[in-house]
Amino acid sequence: MSSDKTNNAGERGEREINEKDIRSLDTALRPERWDDYIGQKQIKDNLRVLLGAAKERKHAPEHILFYGPPGLGKTTLAHLIAKETGAQMKVTSGPAIEKVGDLASIITNLSPGDILFIDEIHRLNKTIEEVLYPAMESGALDIIIGKGPSARTIQLELPPFTLVAATTRIAMISAPLRSRFSGGIFRLEFYSDKEIEEIIRRSAKILGVEIEEGAVSEIASRSRFTPRTANYFLKRCRDFAQMERTALSNDIVAKALDMLGIDKRGLSPSDRAILSVVIEKFAGGPVGLGTIAAALSEEEETIEEFNEPYLLQLGFIERTPRGRSATNAARVHMGHKPVPSEQKLI
Ligand code: ADE
């Protein structure tokens, strides 16, 4: 998450699940072996073949792009790829690469076979993207030195490397950039409740806390099908139980999560504010994303990236050509009467 958004959220005090805070705990609970990585079976199976074959041919694997909502394990997969290939991984992000020189310095310092992980690659600017193309394709970096008539291009040869990139916004990746991920473009899916429960049990073990089965399912059912959220909730519930001098039971977990403003379906106050606006101010929609964002003094991008994927997954909102609409399931959840389908203005 960009720092500007984080500050914004901090000022408003509303984005209770702060991406930055949550991300910092990822490392401790992040699986370090493929066998410990729960879920995303199809992606794991494909990667096993891709990496295995490259290893046998003694080649660096081809470039890989992961996309999907935040918190589903894109970075974790990148780390596991580095482990599997026995390579070093250099980590950077789209917003951190501001100038062509930044990229040049990162890439020319790679050792043969290294993994370069670029998070939030959708935020890379166009000029840098164009320098990246030949680097991905032919292992060469074209750099323009000087300006005007005396400008000249030098070509630096690069060591073979694998670019692993991640984005929450696949639509913002240009077609030419997409086409260079010859190893594959993988979409991470939301996790099943069962998988989230397994992750919670594993994390509790790592944290050294006892957790009752009822508490595991209570956390899982509010975790938005997302491991990062599940782990964050587990930690907050552990704190709560510790201060109450009690065990991690179903009851305690429900209290702790209620206190965080997370409801039974895992909706946060900002999710509920979105649904309220659509249902109460705009008669259930359809209403444009820009209008929703303006009504909430929120950024469109934030709503699209952090709130909508889960609301869509739950079937609480629908995207129509004329904007977003709330479904009857959302109305009922928010304490409103469902509307007969013929009255819906979709
Ligand atoms: N922690 C976070 N994501 C995980 C996953 N997919 N499997 C196991 N532990 C995790």
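As a reminder, the structure under discussion sits directly above these lines.
The following paragraphs examine the structure supplied in this document. (Residues numbered from 1 in each chain as written. Predicted model: local features only at pLDDT ≥ 70, side-chain atom pairs only at ≥ 80, totals over all residues. Heavy atoms only, no water.)

A separate point is the side chain of lysine 74. Here lysine 74 lies in helix α4 (residues 74-85). An unpaired buried charge is present at lysine 74: no salt bridge exists, and aspartate 119, the closest side chain of opposite charge, is 6.4 Å distant. Other than its neighbours up to four places away in sequence, lysine 74 contacts Phe66, Tyr67, Gly68, Pro69, Ala166, Thr167, Thr168 and Leu188. (Helix = DSSP H or I, 4+ residues; strand = E, 2+ residues; numbered from the N terminus. Buried < 20%, exposed > 50% of the residue type's maximum accessible area, 1.4 Å probe, protein only. Lys, Arg positive; Asp, Glu negative; His and termini not counted. Salt bridge = Lys/Arg side-chain N within 4 Å of Asp/Glu carboxyl O. Contact = heavy atoms within 4.5 Å.)

If you walk across this open sheet you meet the five strands as β2-β3-β6-β1-β7, and the pairing is parallel. Where the open sheet ends on each side, the last strands, each with one partner, are β2 (89-93) and β7 (184-187). For this sheet the average axis-to-axis angle between neighbouring strands, irrespective of direction, equals 15 degrees. (Pairing = 2+ DSSP bridges. Axes fitted to C-alpha atoms, helices over the stretch in contact; angles between N-to-C directions.)

In this structure, strand β8 (residues 317-320) lies alongside strand β9 (residues 323-326), joined through four bridges in antiparallel fashion. Each bridged residue has a counterpart across the sheet, and for arginine 319 the counterpart in β9 is arginine 324. The loop that links β8 with its antiparallel partner β9 comprises two residues.

What follows covers the pattern of salt bridges. Per the stated rule, a full pass over the model turns up 23 salt bridges. One salt bridge in this structure joins arginine 319 and glutamate 308, with 2.9 Å as the shortest N-O distance. With arginine 319 in strand β8 and glutamate 308 in helix α14 (residues 300-314), this residue pair connects regions lying eleven residues apart in the sequence. Exposure remark for arginine 319: the relative accessible area of 47% places this residue in the partly exposed category. Because the salt bridges share partners, they merge into one network encompassing Arg169, Glu304, Glu305, Glu308, Arg319 and Arg324.

Another point: the packing of aromatic side chains. The relation between two aromatic rings is expressed through the spacing of the ring centres and the mutual angle of the planes. Taken as a whole, this structure holds four aromatic pairs when the rule is applied. Taking the centre distance of 6.0 Å and the plane angle of 35 degrees together, the rings of phenylalanine 66 and phenylalanine 186 count as tilted. Taken as a pair, phenylalanine 66 in strand β1 (residues 64-67) and phenylalanine 186 in strand β7 lie far apart in primary sequence, 120 residues in all. For the pair phenylalanine 66 and phenylalanine 186, a shared accessibility class is recorded, and that class is buried. Following the ring pairs from residue to residue traces out a cluster consisting of Phe190, Phe225 and Tyr310. Above the ring of tyrosine 133, the side-chain terminus of arginine 180 is found at 4.1 Å from the ring centroid. (Phe/Tyr/Trp six-rings, centres within 6.5 Å; stacked < 30°, edge-to-face > 60°. Lys NZ or Arg CZ within 6 Å of the ring centre and 35° of its normal.)

Right, let's talk about the site of the ligand for a bit. Taken together, Leu29, Pro31, Asp36, Tyr37, Ile38, Tyr191, Ile199, Arg202, Pro227 and Asn231 are the residues near the ligand. Within the side chain of tyrosine 191, an N or O atom sits 3.4 Å from a nitrogen atom of the ligand. Residue arginine 202 places a side-chain N or O atom 3.3 Å away from a nitrogen atom belonging to the ligand. With the chains in place, 94% of the 260 Å² that the ligand exposes on its own is no longer accessible. Taken together, the elements giving at least two residues each to the shell around the ligand come down to α8 (193-207) and α10 (227-243). Considered class by class, the residues forming the shell around the ligand number seven nonpolar, one polar and two charged. (Near = heavy atom within 4 Å. Polar contact = N/O pair within 3.5 Å; in protein donor to acceptor, adjacent residues only side chain to side chain. Areas by Shrake-Rupley, 256 points an atom, 1.4 Å probe, with all protein chains shown as cover. Nonpolar A, V, L, I, M, F, W, Y, C, P; charged D, E, K, R; others polar.)

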